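Next come the chains, spelled out residue by residue.
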Amino acid sequence: MGGSPPKILYVPCMRGADSGGIDQAVGGLLRAHPRLVLAVSGGVDSMVLLDAVARLRTPGQAVVVATVDHGTGGPATEAAALAASVASHHGLRISTERLSVEKGSEAAWREARWGFLRAVAHREQARIVTAHTRDDQVETVVMRAMRGASARGLAGLYAEGPVLRPLMERTREDILAYARSRKVPFVDDPTNESRSFLRNRLRLDLLPAVRRVSPSFDEDMLAVARRAAALRREVDAVAASLVVGGVDGATVELDAMQMAELGDAGLRLVWPSVAMMLGVALDRRGVDRLARLSGDGGVGGRVQVTGGFEAIRGRTTLLLR
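Residues numbered from 1 in each chain as written. Predicted model: local features only at pLDDT ≥ 70, side-chain atom pairs only at ≥ 80, totals over all residues. Heavy atoms only, no water.

## A word on the packing of helix H2 (residues 44–56) against helix H7 (residues 172–182)
Part 1 of the argument: Relative orientation of the contacting elements H2 and H7 amounts to 55 degrees, with a least axis distance of 10 Å. Our classification of the angle between H2 and H7 gives oblique. As for how H2 packs across H7, the hand of that crossing is left-handed. Here Val 44, Asp 45, Val 48, Asp 51, Ala 52 and Arg 55 of H2 lie close against H7, whose contacting residues are Arg 172, Ile 175, Leu 176, Tyr 178, Ala 179 and Arg 182.
Part 2 of the argument: Looking at side-chain class alone, the contact of H2 with H7 contains 7 nonpolar, no polar and 5 charged residues. (Axes fitted to C-alpha atoms, helices over the stretch in contact; angles between N-to-C directions. Helix = DSSP H or I, 4+ residues; strand = E, 2+ residues; numbered from the N terminus. Parallel < 35°, antiparallel > 145°, perpendicular 65-115°, else oblique. Left-handed = near helix turned anticlockwise from the far one by under 90°. Contact = heavy atoms within 4.5 Å. Nonpolar A, V, L, I, M, F, W, Y, C, P; charged D, E, K, R; others polar.)

## Describing the side chain of Asp 51
Part 1 of the argument: Take Asp 51: it is sitting in helix H2.
Part 2 of the argument: A distance of 3.0 Å separates the side chain of Asp 51 from the side chain of Arg 182, its partner in a polar contact.
Part 3 of the argument: Residues contacting Asp 51, with those up to four places away along its chain left out, are His 90, Tyr 178, Arg 182 and Val 184. (Polar contact = N/O pair within 3.5 Å; in protein donor to acceptor, adjacent residues only side chain to side chain.)

## Some details on the sheet that holds strand S2 (residues 35–39)
Part 1 of the argument: Reading across the sheet, the 4 strands line up as S4-S3-S2-S5 and stay open at both edges, with parallel pairing between neighbours. With one partner strand each, in any of the chains shown, strand S4 (93–98) and strand S5 (127–129) form the two edges of the open sheet. Neighbour-to-neighbour, the strand axes of this sheet turn through a mean angle of 25 degrees, independent of strand direction.
Part 2 of the argument: Bridge count for S2 against strand S3 (residues 62–69) is 5 bridges, and the pairing is parallel. Bridging from a neighbouring strand, Ala 39 pairs with Ala 66 of S3.
Part 3 of the argument: Sheet contacts for H2: S2, S3 and S5; angle to S2, the most-contacted strand, approximately 150 degrees.
Part 4 of the argument: In this fold helix H3 (residues 74–89) packs onto S3 and S4, with an angle of close to 165 degrees to the strand it touches most, S3. (Pairing = 2+ DSSP bridges.)

## Observations regarding the layout of surface pockets
Part 1 of the argument: Put simply, the second largest pocket is a space of about 170 Å³.
Part 2 of the argument: A class-by-class count of the residues in the lining of the second largest pocket yields 8 nonpolar, 1 polar and 3 charged. (1 Å grid on protein atoms, 1.4 Å probe; cavity = no way out; pocket = protein on both sides within 12 Å on 5 of 7 lines; lining within 4 Å. Points joined across faces, edges and corners; volume = space filled by probe spheres on them.)

## Examining helix H9 (residues 217–241)
Part 1 of the argument: Look at H9: 37 Å from first C-alpha to last across 25 residues, which is about the 36 Å you get at 1.5 Å a residue.
Part 2 of the argument: Looking only at H9, the buried set comprises Phe 217, Asp 218, Met 221, Leu 222, Ala 225, Ala 228, Ala 229, Arg 232, Val 235 and Ala 239.
Part 3 of the argument: Tucked into the core, H9 has its buried residues touching helix H5 (134–146), helix H6 (151–154), helix H8 (198–213), strand S7 (243–247) and helix H11 (263–276). (Expected span 1.5 Å × (residues − 1). Buried < 20%, exposed > 50% of the residue type's maximum accessible area, 1.4 Å probe, protein only.)

## Observations concerning the pattern of salt bridges
Part 1 of the argument: Summed over the entire model, instances satisfying the criterion amount to 20 salt bridges.
Part 2 of the argument: The closest approach of N and O atoms between Arg 233 and Glu 160, which form a salt bridge, is 3.9 Å. Residue Arg 233 is found in helix H9, and its partner Glu 160 is found in the loop between H6 and H7; the two are separated by 73 residues along the sequence.
Part 3 of the argument: Assessed through its relative accessible area of 40%, Arg 233 is described here as partly exposed.
Part 4 of the argument: In this structure, Glu 310 and Arg 321 form a salt bridge, with 2.9 Å as the shortest nitrogen-oxygen distance. Placement of the pair is Glu 310 in strand S10 (residues 309–313) and Arg 321 in the segment after strand S11 (317–320), with a sequence separation of 11 residues.
Part 5 of the argument: Residue class for Arg 321 comes out partly exposed when judged on its relative accessible area of 40%. (Salt bridge = Lys/Arg side-chain N within 4 Å of Asp/Glu carboxyl O.)

## Some remarks on the nonpolar core
Nonpolar side chains in soluble globular proteins tend to be buried together.
Part 1 of the argument: Ranked by internal contacts, the top residues of the largest apolar core, which has 33 residues, are Ile 22, Val 26, Leu 38, Met 47, Val 48, Leu 49 and Leu 50.
Part 2 of the argument: Among the secondary structure elements, those contributing two or more residues to this core are helix H1 (20–32), S2, H2, S3, H3, H7 and strand S6 (185–187).
Part 3 of the argument: Beyond its immediate chain neighbours, meaning those up to four positions away, Ile 22 contacts Val 48, Ala 52, Leu 167, Arg 170, Asp 174, Ile 175 and Tyr 178.
Part 4 of the argument: Counting 26 residues, the second-largest nonpolar core is a separate cluster that includes Val 287, Val 303, Phe 309 and Ala 311. (Core = buried A, V, L, I, M, F, W, Y, C linked by side-chain atoms within 4.5 Å.)

## Side note on the pairing of strand S8 (residues 252–255)
Part 1 of the argument: Where S7 and S8 come together, 2 bridges link them in antiparallel fashion. Bridging across to S8, Val 243 finds its partner in Leu 254.
Part 2 of the argument: Connecting S7 to the next strand, S8, in antiparallel fashion are 4 residues, including Gly 249 with a positive phi near 95 degrees.
Part 3 of the argument: Pairing between S8 and S11: 4 bridges, direction antiparallel. Residue pairing for S11: Val 252 is matched across the bridge by Leu 320.

Here it is, written out as structure tokens:
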């Protein structure tokens, strides 16, 4: 994948570029969180985030720039080097890693990258910050809808979690306007134009065609995601109310009688939320098994689910461990 040479780009300056929206978002982030790990890829979105944080932070804030070389060729290496160089120029600490992923799939790279970011955040006792934008959210929700995601999945990047995304209400045009006004350098990775990846096919082909027919499509998808995120919060609250004895990171104990009262549809909504308390993402088969166990399974019944976890039904409790 390395054939094309990397290009370090500066977006041509245009009059009237307004960085106020990004400044406001990043300023709010910095006021609320004193310890941050910035996920910086070297692309325009994350380099804009890096520039804004470096410019607006106060001396007392602990900021680490975490960047990954995916090992896919020159552009990836150049992007990581640019991120590290700019971070160093601003006096920020840097943490880098070169991935070696046997299967170069989107999922494998994503899993390895997030493993690295989580390790850095744990070491620094800090929150991970990404440069995801409004456009990223639209693409994520559409991809999940295409894959038959539940309401939980359709929340996309609006789902509550440990990752901070200050640019979520900004568009790619906002990012480019900031890059123009600040002359932010970035690497244009040729893989962003490769239609081998589903997200690129959506971005380059499908979404432009849909928007021509339905100009409100993006807003419609974001409205779906907001409703899904609200439902997800409500389901998480119900799941928390079913816990007895707390959650210790490897085990969660639930009130079996209250679970049974939810009925099959309710159980299928609640179980993914319960499993996420232990960091377990259930597949459809796991949800089916757990719904049957908690709905009408007898005392002593047990099922195996993904990640080496099992659920056991007791007389009054359900144990996921």
